[in-house]
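Residue-level listing of the chains:
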Amino acid sequence: MTQRPRIAVLMDPIQLINPAKDTTLGMMLAAQARGCDLFYLEQRHLWVRDGRAFARLHPVTARKDPSDWFTLGDPAVLPLDSVDAVLMRKDPPFDTEYIYTTYLLERAEAAGTLIVNRPQGLRDMNEKVYTAWFPQCCAPTLITRDMADMAAFLAEYGRAVCKPLYGMGGRSIFVLEQGDKNANVVFETLTEYGTRYAIAQRYIPDIVTTGDSRVILIDGEPVPYALARIPTAADNRGNLAAGAQGVGRPLTDRDRWLCSQIGPVLRDRGMMFVGLDVIGGFVTEINVTSPTGTRELDKQFGLDINGQLIDAILARLARPRA
C-alpha cells in the first residue's frame, strides 16, 4: 500500500452503541491511532450493481468521549473495493438479510478487499452449530427440530440448556430440569412446533462459580486473558447483556488446548477475530459475527486487543495479493 490504509466498518447504528464498552468503537479507535482512514456504513448503505459491490460510505472520526464519540462526514457513493478492508461488525440475528449482506460483501472480497471476518465463514459457521465440528471440545450437544428428541436429551442428562440457533446476548436461553412442567412449552417455542432447529446442551454447573468465559482469538492465536462473565444470583445466563459481571482471568491449560484445536481451522478459513465461549472447560459457542469483551480486558490488564487485531489486518494487507 502506498497510501493510508482505508478501512470501512459495517455495523449497527453507531449512535445507539454503548461507547464505554463497545468493541467495534475500540477497533475504530485502534485503526485511527495507526493512521487509517475510516468509513462507516450500515447494511442499508450497501448494494451490488452489475456484479460489483457499492456502498454509501461516510467518513467517520471516532473519539473516546462517552458523550460525543463520533462525527460523520458527508457520504460518498464508492465501489466497496476502493477500500482496503471492511470490518463486518453487524450484530445478529443471523437472518436472511444477514446472509444477503455476506453475498454482497463477497463481491468486494472477489475484487481484492479484505473482509474481516470472511463472508463465506460467516455463512458457514453458525455460532451454535459450528461447535459440532469440534465435538472433542464440547459437552454433549443435540441440534434438532424434534421435540421428543429434546425431551429425551433432557431425561438423559437431567438438566439442559436449550436455545435458538440465531440469537445473541442471552436471548431466549432456557435452563430446564427433568420434570419441569414448562419443558414441552419451551421445546414448542424454540422449534416452533418442530419446524425450526434448536440446540440443547448438557448443563454445566461451573457457570455458577466460574462463569461463561470469553476467549478471544486473533488470527488463530489466543489473547492470554479471558473474560469470565458471572451470572447474577437471579439469572442463569453468563452474558454481559443479561447483567452478568465481567471478571478477567488468565487462560488455563485447558483454554489453550481448546484454542489449539479450533484456532488454526478458523485462521485458515479467514476468521481473524473470534470469541470462544467456554464453561467448565467446554466450548459452548464459537462467535464469529461480532465478538465483544475486548474493552473490559484492556481495562483490567492494560492490553490493546483491538490494536492487535488492526496490526494483524495491516500485516495481512501488506502481503502480496494473489
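First, a word on scope: everything that follows refers to the structure included in this document. Every chain begins its residue count from 1, and numbering advances along the sequence as written. Reporting in this predicted model follows two pLDDT cut-offs: at least 70 for local features of residues, and 80 or more for side-chain atom pairs to be given and counted; totals over whole chains, interfaces and linings ignore these cut-offs and use all residues. Side-chain metrics rest on all non-hydrogen atoms present in the structure, leaving aside hydrogens and water.

1. Overview of the state of the cysteines
In this description, the term disulfide denotes a pair of cysteine sulfurs within 2.5 Å. One pass over the structure, following the stated rule, counts 0 disulfides. Of all cysteine sulfurs in the structure, the one in Cys-138 sits closest to Cys-137, which takes part in no disulfide; the separation is 5.9 Å.

2. Considering the nonpolar core
A general feature of soluble globular proteins is that nonpolar side chains tend to end up buried together. What makes a nonpolar core is a set of buried Ala, Val, Leu, Ile, Met, Phe, Trp, Tyr and Cys residues whose side-chain atoms join them at distances within 4.5 Å. Whether a residue is buried, partly exposed or exposed follows from its accessible area with a 1.4 Å probe, protein chains only, as a fraction of its type maximum: under 20%, in between, or over 50%, in that order. In this structure, Leu-80, Leu-266, Leu-276 and Ile-286 are the most contacted members of the largest nonpolar core, which totals 38 residues. Among the elements that take part in this core, helix 7 (residues 253–268) stands out by supplying 4 residues, more than any other. The contact rule is simple, with two residues in contact once any of their heavy atoms fall within 4.5 Å. Discounting chain neighbours no more than four positions away, the residues touching Ile-286 are Glu-127, Tyr-130, Thr-131, Phe-134, Ile-262, Leu-266, Val-274, Gly-275 and Leu-276. Judged by nonpolar contacts, the second largest core, of 35 residues, contains Met-11, Ile-17, Leu-114 and Leu-317. Strands here mean DSSP runs of E at least two residues long; helices mean DSSP runs of H or I at least four residues long; both are numbered from the N terminus.

3. Focus: the sheet that holds strand 10 (residues 159–164)
Strand pairs in the sheet, formed through backbone hydrogen bonds, run parallel or antiparallel to each other. Overall, antiparallel pairing links the 4 strands, which are arranged 9-12-10-11 in an open sheet. Bordering the open sheet on either side are strand 9 (141–144) and strand 11 (174–177), each of which pairs with just one other strand. Between one strand and the next, the sheet's axes are offset by a mean angle of 25 degrees, whatever the strand orientation. The sheet contact formed by strand 10 and strand 12 (residues 198–202) spans 5 bridges and is antiparallel. In the strand pairing of strand 12, Ala-160 is matched with Arg-202. Helix 4 (residues 147–157) contacts strand 9, strand 10, strand 11 and strand 12 of the sheet and is inclined by roughly 10 degrees relative to strand 12. Strand contacts of helix 5 (residues 183–191): strand 9, strand 10, strand 11 and strand 12, with the helix running at about 145 degrees to strand 11, the strand carrying the most contacts. At least two bridges found by DSSP between two strands are what make those strands a pair. Helix axes use the C-alpha atoms of the stretch in contact, all axes being lines fitted to C-alpha atoms, and the angles between their N-to-C directions lie in the range 0 to 180 degrees.

4. Focus on the packing of helix 4 against helix 5
It is the contact of helix 4 with helix 5, at a shortest axis distance of 10 Å, that shows an interaxial angle of 135 degrees. Between helix 4 and helix 5, the crossing angle belongs to the class labelled oblique. The chirality of how helix 4 crosses helix 5 is right-handed. Residue-level inspection shows Met-147, Met-150, Ala-151 and Leu-154 of helix 4 in contact with helix 5, the latter providing Ala-183, Phe-187, Glu-188 and Thr-191. Per-class residue counts for the contact of helix 4 with helix 5 are 6 nonpolar, 1 polar and 1 charged. Roughly parallel here means an angle under 35 degrees, roughly antiparallel means over 145, roughly perpendicular means 65 to 115, and every remaining angle is called oblique. Rotating anticlockwise by less than a right angle from the far helix to the near helix defines a left-handed crossing, while the corresponding clockwise rotation defines a right-handed one. Charged means Asp, Glu, Lys or Arg here, nonpolar means Ala, Val, Leu, Ile, Met, Phe, Trp, Tyr, Cys or Pro, and polar covers whatever is left, Gly included.

5. Here we look at the side chain of Asp-298
Looking at the secondary structure, you find Asp-298 in helix 8 (residues 294–301). His is not counted, nor are the chain ends, whereas Lys and Arg count as positive and Asp and Glu as negative. Here, a salt bridge means any Lys or Arg side-chain nitrogen found within 4 Å of an Asp or Glu carboxyl oxygen. Buried within the structure, Asp-298 lacks any salt-bridge partner; its nearest side chain of opposite charge belongs to Arg-295, at an N-O separation of 5.9 Å. N or O atoms closer than or at 3.5 Å make up a polar contact, with two conditions inside protein: a donor-capable atom paired with an acceptor-capable one, and, for residues adjacent in sequence, both atoms drawn from side chains. A distance of 3.0 Å separates the side chain of Asp-298 from the backbone nitrogen of Ile-305, its partner in a polar contact.

6. Some points on helix 4
Every buried residue belonging to helix 4 is among Met-150, Phe-153 and Leu-154, and all of these are buried. Angularly, the buried residues of helix 4 cover 100 degrees about the axis, an arc narrow enough to put them on a single face. For helix 4, the exposed residues lying more than 90 degrees away from the buried face are Ala-148 and Glu-156. Among the structural elements, strand 9, strand 10, strand 11, helix 5 and strand 12 are those in contact with the buried residues of helix 4. By the N-cap criterion, in which a side-chain oxygen at the helix start approaches the backbone nitrogen of a residue two or three places on, helix 4 is capped by Asp-146, the distance to Ala-148 being 2.8 Å. Directly after helix 4, the chain includes Gly-158, whose backbone phi takes a positive value near 85 degrees. By definition, the arc is the one covered by directions from the helix axis to the C-beta atoms.

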